Amino acid sequence: MIVQIYSLMNVQEAVACAQAGADHIGVLVSRTLDGRYPCEVLPEDAKTIFAALRGLAKRVLISIEPDQESVLKMTEELQPDILHLCADFHGSPAFRALLRQRCPHTELMEAVGVRDESAIADALAKAAYADYLILDTIPLDNPGIGAAGETHDWSIDQKIIEQVRIPVIEAGGLDADNVQEAIRRLHPWGVDSCTRTSIKKDGRIIGKDLEKVRAFCARAKAV
């Protein structure tokens, strides 16, 4: 079982999460740090984190850039193992072809926001060109898909997992208490945790709770 931990903001915690058993480490990168998204880091900080993770875990760029060229430039700059699209810009077969040309070693992950069964058609369309899907909750208090800290209708996810032919990562409100239930019920390729393995202050994520990360990784890999 692949374990993915989001969103890291410093080298020490990123390395600690990899040592705890995380296979993928995600960093949400913004050039402006305007507060629209939780856990934003600047590109230069992301570059330092990714350098420290080389050989320890797959490095995931969580992109919130608004357009194709901005996304590609950020990916060229940071050279992640995986590019995760989860905000205003969504990919396409043409974008995937461009990504292969400009960043040939970077795989593409598309987020599918699960609100109702319309997510199934969205997932099938994205699975036609993406390397991975991540199924996540649509938050009420920030834009994009993910970082809601809440689960959603797993029966929809089950239908998606059964129909697509690429790896699917299950996300949305997972922690050590419910990750085994999600794995046994859905049989995803991987599981993801962000909000419920994080430390919050005044409603904002400020870091990772490493004990919760260790428990999440251990229970996910024990199924």
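Every value quoted in this text rests on a predicted model; they were computed, and no experiment measured them.

The rules behind each value
Residues numbered from 1 in each chain as written. Predicted model: local features only at pLDDT ≥ 70, side-chain atom pairs only at ≥ 80, totals over all residues. Heavy atoms only, no water. Helix = DSSP H or I, 4+ residues; strand = E, 2+ residues; numbered from the N terminus. Rg over C-alpha atoms; globule rule 2.2 N^0.38 Å. Contact = heavy atoms within 4.5 Å. Areas by Shrake-Rupley, 256 points an atom, 1.4 Å probe, with all protein chains shown as cover. Phe/Tyr/Trp six-rings, centres within 6.5 Å; stacked < 30°, edge-to-face > 60°. Buried < 20%, exposed > 50% of the residue type's maximum accessible area, 1.4 Å probe, protein only. Axes fitted to C-alpha atoms, helices over the stretch in contact; angles between N-to-C directions. Parallel < 35°, antiparallel > 145°, perpendicular 65-115°, else oblique. Left-handed = near helix turned anticlockwise from the far one by under 90°. Nonpolar A, V, L, I, M, F, W, Y, C, P; charged D, E, K, R; others polar.

*Asks:* Now, about the overall build of the protein chain: what can you tell me, with residues and values included?
*Replies:* The number of helices and strands found in the protein chain is 8 helices and 11 strands. The globule rule puts the C-alpha radius of gyration for 223 residues at 17 Å, and the 16 Å found for the protein chain is close to it. With the principal axes as the frame, the protein chain shows a C-alpha extent of 40 × 35 × 35 Å. Sequence-distant contacts in the protein chain: of pairs separated by 6 or more residues, those separated by 24 or more amount to 58%. When the accessible surface of the protein chain is totalled, it reaches about 9500 Å², and 48% of it is carbon and sulfur.

*Asks:* Provide a residue-level description of the packing of aromatic side chains, including the pertinent values.
*Replies:* The relation between two aromatic rings is expressed through the spacing of the ring centres and the mutual angle of the planes. According to the stated counting rule, one finds 2 aromatic pairs in the structure shown. Judged by centre distance (5.3 Å) and plane angle (35°), the rings of Y132 and W189 are tilted. Placement of the pair is Y132 in strand 7 (residues 132-136) and W189 in the loop between helix 7 (179-186) and strand 9 (190-193), with a sequence separation of 57 residues. The class of Y132 is buried, set by a relative accessible area of 5%.

*Asks:* Tell me what's going on with the environment of V60, and back it up with residues and numbers.
*Replies:* By secondary structure assignment, the location of V60 is in strand 4 (residues 58-63). Accessibility expressed as a relative area gives 0% for V60, which makes it buried. V60 sits 29 residues away from F89 along the chain, and the two C-alpha atoms are 17 Å apart. Here V60 is in contact with Q4, Y6, H24, I25, G26, V27, F50, I82 and H84, once residues within four sequence places are set aside.

*Asks:* Describe the packing of helix 6 (residues 154-163) against helix 7, naming the residues involved and giving the relevant values.
*Replies:* Where helix 6 meets helix 7, the closest approach of the two axes is 10 Å, and the angle between their N-to-C directions is 45°. The angle between helix 6 and helix 7 falls in the class oblique. Our pair here, helix 6 against helix 7, has a crossing hand that is right-handed. On helix 7, the residues that touch W154, S155, D157, Q158 and I161 of helix 6 are E181, A182, R185 and L186. Tallied by class, residues from the contact of helix 6 with helix 7 come to 4 nonpolar, 2 polar and 3 charged.

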